[in-house]
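Understanding the architecture of this molecule
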Amino acid sequence: MGTEILRRQVVPVITPALSAFIEETLAAENMTGLSVAVVPKHGPSEFHSWGYRTEDGDKITPDVEYRYPFYSKSARSCATALGLLIDDFANGRNVTALPPVLTEITWHTRLKDLLPDWQLMDEWATERANLHDILSHVSGLPRHDLSYGPLDTPHDFLTRLRYLRPAFELREQWSYNNIMYVVGAHIIATYADKPYTSFVEERIFSPLGMSSSTFSPEKAESSGKFSQGWTKDGRRLPQWFSEDTAFLFAGPGGVISSAVDMSKWILMWINEGVHHNKAFIPLSVYQNVSYSYAIDTDHPIDSEYSIAGYGMGWSRSSYRGHDPMVHQVVQHSGGLPGFNTLVSFLPSDEIGVTVFVNGYDQIKPMATILNRIFDAALHLDSSLTLSSAWSPTVSLTDFAGTYTNAGYGTFTLCAPSSASSYCAKVQSDFTTVDDARGVSAPLSSYWQEWPRKWHRTSACDTSKAPSSTSTSRPYSPHGYGKDVTPFETGDIERAEATVEFVIEDGQVVGFGLSGMHGWLWERARISHSVQDRAEAWFDRV
């Protein structure tokens, strides 16, 4: 073991041949820029960068700051911060008192005892859900990412939970949910008596020497090192978070950091919570956050994958199908428009790798690059290199109108013939973008502008109504940066949902929205009506 560690210290992992492979991947996948940190437990970290961070051609460097996507570093920071808060209460360092019904706070403390306004649609889940459940994604709630907007407060998130349908019973199945990390950050702010972001900066960033890490887009911009974000087609994107929304979403995805700072964070995890020979986080926090609590992948798709367990922000599985007692990987990926991250470490092999890309929808090529780096570090051989027609009982124009759901809000679906000034503007913006792309929308297309945090505009094809397809189409009709030509800002194929309209007595009474969460709900298996089986039901106003 000692000889192997010494060899890793003196032999660079990123060789010229591996660097050439990464450059070829960047060119083939149209990546604007990429940074890598290779972090061994023993010896110095390696930092490498390729490509550009701005449309002016400024080069990527290891200290360039990236916006960390949802459920990347931020979620693990939130779970770690909550662990530190729990430890504060256990050792008398707390600055606030617990509610009278509690004598201690642990991972198994129930949400209803911590938050007076806690209420889910499911009564049993309301009563029994605990901190570990919500941060391990077994609350029963799916994403529901379209239910919140950029002007919401943490309290808005909390009080809206009672209107959001569960996909599963509590602890029945792993089901990813960003909202619960907003709730987690709210709990930390409440019981630490300071903003969540201040707690993380004081208790994690500063002690680890992560001087470039921040939650503030304005601070990052002023550093002169903040990377711009790009689409997969090479168009520059506006920053997804403003100063205000960045702090609101700090729990699930608000961190801005660099490869250099991230190497310090990941080294602490490789050392099981130890930093500079001192316990930075208690071993119990390390274990609860990184050890598996739920199964997030119950069947591998091929021999290079295994069943994967999930802790709180970390997924744990075998590395590329190898014996997990020999090569086990702990990792998580994340993405925001303009950025992707992939963070991994191998506990037994005592090495970590993190990959950052200032482009969207790049996880697959990033995973290939990361695996090639791990293979090189471990001296492993690398092999990586139409439905029936519908006879309408109503006119297609009758689907236009305003729809509402208590959890998701209200929006208006505009038809090509809609005469309101609101619909005229929405249709004009879509037409501007389509003209720039050289395409024409079908006559059965309907448009909506609906300001959700992860969704603003979409098109709905009602040619096969009452079952239709709604496609998220975020766009920038006036371009961005130096390029002012209109363009779409998202990956269309990743943002489709099924819309099922219900017609009663010749009138459209509403629609059910389904297919947003990647698998069939239990509700869909046992329910017959659209109202009951939909992930969200919208009434016609």
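To start, this report covers the structure provided alongside it. (Residues numbered from 1 in each chain as written. Predicted model: local features only at pLDDT ≥ 70, side-chain atom pairs only at ≥ 80, totals over all residues. Heavy atoms only, no water.)

1. Describing the overall build of the protein chain
Assigned secondary structure in the protein chain consists of 18 helices and 24 strands. Counting the 541 residues in the protein chain, one finds 55% classified as buried. Here the protein chain has roughly 22,700 Å² of accessible surface; of this, 51% comes from carbon and sulfur atoms. (Helix = DSSP H or I, 4+ residues; strand = E, 2+ residues; numbered from the N terminus. Buried < 20%, exposed > 50% of the residue type's maximum accessible area, 1.4 Å probe, protein only. Areas by Shrake-Rupley, 256 points an atom, 1.4 Å probe, with all protein chains shown as cover.)

2. Digging into the sheet that holds strand E12 (residues 328–336)
Ordered in space as E2-E1-E14-E13-E12-E11-E10-E9, the eight strands form an open sheet in which the pairing is antiparallel. Looking at which strands have only one partner, the edges of the open sheet turn out to be strand E2 (46–51) and strand E9 (294–297). The mean angle between the axes of side-by-side strands here comes to 20°, regardless of whether they run parallel or antiparallel. Across three bridges, the pairing between E9 and strand E10 (residues 308–310) is antiparallel. Bridge pairing in E10 places Ile295 opposite Gly309. Packed onto the sheet, helix H13 (residues 259–270) meets strand E1 (33–40), E2, strand E13 (339–346) and strand E14 (351–357) and runs at close to 35° relative to E1. In the packing of helix H15 (residues 363–378) onto the sheet, contacts are made with E1, E12, E13 and E14, and the angle to E13 comes to roughly 25°. (Pairing = 2+ DSSP bridges. Axes fitted to C-alpha atoms, helices over the stretch in contact; angles between N-to-C directions. Contact = heavy atoms within 4.5 Å.)

3. Describing the pattern of salt bridges
Following the criterion strictly, the structure yields 17 salt bridges and no others. In this structure, Lys482 engages Asp56 in a salt bridge whose closest nitrogen and oxygen atoms are separated by 2.4 Å. (Salt bridge = Lys/Arg side-chain N within 4 Å of Asp/Glu carboxyl O.)

4. A short note on the environment of Asp87
Looking at the secondary structure, you find Asp87 in helix H3 (residues 73–90). Sequence separation of Asp87 and Ile281 is 194 residues, and the distance between their C-alpha atoms is 9.0 Å.

5. Regarding the state of the cysteines
Tallied over the entire structure, the rule returns one disulfide. In this model, Cys414 is linked to Cys423 through a disulfide, with the two sulfur atoms separated by 2.1 Å. Between Cys414 and Cys423, the S-S dihedral sits near -75°, and the bridge is therefore left-handed. Take Cys414: its relative accessible area is 1%, and that puts it in the buried class. Residue Cys423 is classed as buried on the basis of its relative accessible area of 4%. (Disulfide = S-S within 2.5 Å.)

6. Observations regarding the packing of aromatic side chains
As enumerated under the stated definition, the model contains 24 aromatic pairs in all. Here the aromatic cluster, defined as three or more aromatic residues joined through ring pairs, consists of Phe399, Tyr403, Tyr408, Phe411, Phe501, Phe511 and Phe538. It is Arg76 that lies over the ring of Trp314; its NZ or CZ is 4.1 Å from the centre. Across the ring face of Phe21, the terminal group of Arg372 is positioned such that the distance to the ring centre comes to 4.0 Å. (Phe/Tyr/Trp six-rings, centres within 6.5 Å; stacked < 30°, edge-to-face > 60°. Lys NZ or Arg CZ within 6 Å of the ring centre and 35° of its normal.)

7. Concerning the pairing of strand E16 (residues 409–413)
Pairing of strand E15 (residues 401–405) with E16 involves five bridges; the strand directions are antiparallel. Bridged to Thr404 within E16 is Thr410. Hairpin geometry of E15 and E16 is characterised by an intervening segment of three residues between the two adjacent antiparallel strands.

8. What to know about the side chain of Arg76
With respect to the secondary-structure elements, Arg76 resides in helix H3. Every residue in contact with Arg76, bar those within four places of it in the chain, is listed here: Met262, Trp265, Met312, Gly313, Trp314, His332 and Val343.

9. Concerning unusual backbone geometry
Positive phi is not limited to glycine here, since Glu272 has a value of about 55°. Taking the relative accessible area as the measure of exposure, Glu272 reaches 42% and is therefore partly exposed. Positive phi values are uncommon outside glycine, yet Asn277 reaches one of about 65°. Position of Asn277 relative to the elements: it lies in the loop between strand E7 (274–275) and strand E8 (278–279). Exposure remark for Asn277: the relative accessible area of 78% places this residue in the exposed category.

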